[in-house]
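The residues making up each chain are set out below.
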Amino acid sequence: MRSELYIDGKWRPSSDGRTFDVVNPATEEVIHRIAAATAEDVDLAVKAARRAFDRDGWPKLSGAQRAKYLRAIAEGIRARQAEIARLEVIDNGKPFPEADWDVADAAGCFDFYAGLAEQLDNNPEEPIALPDARFTSKAVKEPIGVVGAIIPWNYPLLMAAWKVAPALAAGCTVVLKPAEVTSLTALELAAIADDVGLPAGVLNVVTGAGSVAGQAIIDHRQVDKLAFTGSGPVGSKIMAAAARDIKRISLELGGKSPFVVFDDADIDEAVEWIMFGIFWNQGQVCSATSRVLVQEGNYDRLLSRLVEETKKIRIGNGLEDGVLLGPLVSKRQHQQVVAAIEAAKAAGATVACGGKRPEGFETGYYLEPTVLTDVPLESDAWREEIFGPVVSIRTFSTEEEAIELANDSRFGLAAAVMSRDDRRAERVAAAFRAGIVWINCSQPTFTEAPWGGYKESGIGRELGRWGLDNYLETKQITRFATGEKWGWYIK
Ligand code: TAP
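The text that follows walks through the structure, step by step, so that each part is easy to find. These figures come from a predicted structure and were not determined experimentally.

**Structural notes on the environment of lysine 47**
With respect to the helices, strands and loops of the structure, lysine 47 is situated in helix H1 (residues 39-54). When the C-alpha positions of lysine 47 and valine 175 are compared, they lie 9.8 Å apart, and in sequence the two are 128 residues distant. A polar contact of 2.8 Å, which involves the side chain of lysine 47, links it to the side chain of aspartate 43.

**What to know about the nonpolar core**
The biggest cluster of nonpolar side chains holds 105 residues, and the ones touching the most others in it are Ile77, Phe110 and Leu176. Contact partners of leucine 176, with chain neighbours within four places excluded, come to Ala149, Ile151, Ala160, Val164, Ala186, Leu203, Asn204, Val205 and Val206. Of all hydrophobic cores here, the second largest spans 27 residues; its members include Ala344, Ala381, Val390 and Phe432.

**Remarks on unusual backbone geometry**
A positive phi angle, close to 50°, is found at isoleucine 246, a residue other than glycine. A positive phi is found at aspartate 374, a non-glycine position, where the angle reads about 55°. Looking at where aspartate 374 falls in the secondary structure, it is placed in the loop between strand S15 (370-373) and helix H12 (380-383).

**Overview of the site of the ligand**
As a matter of local geometry, the ligand sits amid 30 residues, with Ile151, Trp153, Glu180, Gly210 and Ser231 nearest to it. In the environment of the ligand, an oxygen atom lies 3.4 Å from a nitrogen or oxygen atom belonging to the backbone of glycine 208. Measuring from a nitrogen atom of the ligand, one finds a backbone N or O atom of glycine 230 at 3.3 Å. In isolation the ligand offers 880 Å² of accessible surface; the protein chains occlude 89% of this area.

**Looking at the pairing of strand S5 (residues 125-128)**
In regular strands, side chains alternate between the two faces of the sheet. Of the pairings in the sheet, the one linking S5 to strand S6 (residues 135-143) comprises four bridges and is antiparallel in character. What sits directly across from glutamate 125, in S6, is valine 140. In textbook terms, the turn of a hairpin is the stretch between consecutive antiparallel strands, and for S5 and S6 this stretch comprises six residues.

Parameters at a glance
- Every chain is numbered on its own, with residues counted from 1 as its sequence reads.
- With pLDDT at 70 or above as the cut-off, local features in this predicted model cover only qualifying residues; side-chain atom pairs require 80 or more to be listed or tallied, and sums for whole chains, interfaces and linings still use all residues.
- The basis for the side-chain values is all heavy atoms of the structure; hydrogens and waters are excluded.
- Strands here mean DSSP runs of E at least two residues long; helices mean DSSP runs of H or I at least four residues long; both are numbered from the N terminus.
- Under this definition, polar contacts are N or O atom pairs within 3.5 Å; protein pairs additionally need one hydrogen-donor-capable and one acceptor-capable atom, and for neighbouring residues in sequence, both atoms have to be side-chain atoms.
- For our purposes a nonpolar core is just a set of buried Ala, Val, Leu, Ile, Met, Phe, Trp, Tyr and Cys residues, chained together by side-chain atoms within 4.5 Å.
- Relative accessibility decides the category of a residue: with a 1.4 Å probe and only protein chains considered, values under 20% of the type maximum give buried, values over 50% give exposed, and everything between is partly exposed.
- Throughout, a contact is declared for two residues whenever any of their heavy atoms are within 4.5 Å.
- Distances are taken per atom, and a residue is near a molecule or strand as soon as one of its heavy atoms is within 4 Å of it.
- Exposure was quantified through the Shrake-Rupley algorithm and a 1.4 Å probe, taking into account, for residues, occlusion by the shown protein chains and nothing else.
- Strands are labelled as partners when DSSP assigns at least two bridges between them.

Structure, rendered in structure tokens:
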């Protein structure tokens, strides 16, 4: 396990020597200590990224040359997949098969953006038709510059990959700050980048508190773009900080995503996807479908099957075989989710199952998967992101009512619909005010497809070619033909 900052191709302690504890959420033990970056460390990292961008030529490499580094990083991740997945489990708490999936996905993300980096070489200039034959014009894409990437704790390595891979592919350089509670695998990513010979300063990793290291990144004048995934309040702070010097931003924030199940849906399939939509990663997923709307005719049978299956979920340490629900990421997150359940009960909700620490788990941030019914429409449980394994379920009668209830939220990240009637499913999908819509499933995510939200769920899109565009500026180059005269002042 690494414990130092990675700045300008070198490992170093923080400038004031301070560290923070790494706690295993399954055991509550302190398993490691990591350097806590200061504003001074962040300044060094930004300056290193600046040099790598302005002077040392990372953006001047061809896309194919940059792609070689990205593919090597992908290979480096795969070569150590099981070991890195294990680190993710002891840091974040998620079950090993989920961590293993994430690590493979992160490697795939580097490969995908290697492919797009190569395509930048093939299609660099877009000719533009103009109404005046004396002019020719073209649009070219260029990297934005130095990126400050700030990521959350729910998918530590994968969120790093979603930002670092497209940024490097585009020709940007990066200062990455992982969440303090899950910093181990971002440091491994730096180690892999170092092993494959990524030039110094192209990727820098500064671990430490958001209020110190994160704030120093967003305040830094020499950062050109901020790429953030996390909570709405910090997203607002980032937008405000970016406003001062017109930094580019992309924000992927929270959600309270609906899952609409019609009467014609198969009950078991619906239950499977409802569970996947809210219990995967302990429900700590921005796109979790945490509001389930079930058409009246299916409701009673569906609820009883959902409760029956939810009670069977095996809870435990993510390193044990067969575990499907690990602990929440931290004591703070556990306290917040328990408080949200208590507030829901106080507001009139009924706990159909779960809602408390499971028996036999006195240590670790464990919580039973929870199904809430009778949740008032105006309560926080229905409206606010809980970010834990807690689903609220209620009925609707008509398609119109389902759409109205689904869209009645300040968020618009994701939404799901389940029906055997394809036309109805397409109609509802079109009516959802959300950036990600699933039909007959919930959560499957592909590197190739755009990811991001409407409304307060964010700005910009990650993944796919949209993810690369996040890190590119568009420049027009317009030429006046040699030998022609303009003739405005000088006839
Ligand atoms: P945030 O506070 O938003 O943390 C996300 C990242 O921002 C972390 O790296 C954090 O650093 C950093 N950060 C915090 N304050 C900052 C600042 N002033 N300037 C720059 N960076 C800053 O989220 P959280 O506290 O971990 O979780 C709170 C809630 O946010 C959750 O309960 C959940 O509702 C939501 N959340 C959403 C997502 C997604 S994917 N949309 C992911 C995680 C959490 P440190 O954590 O190291 O301080």
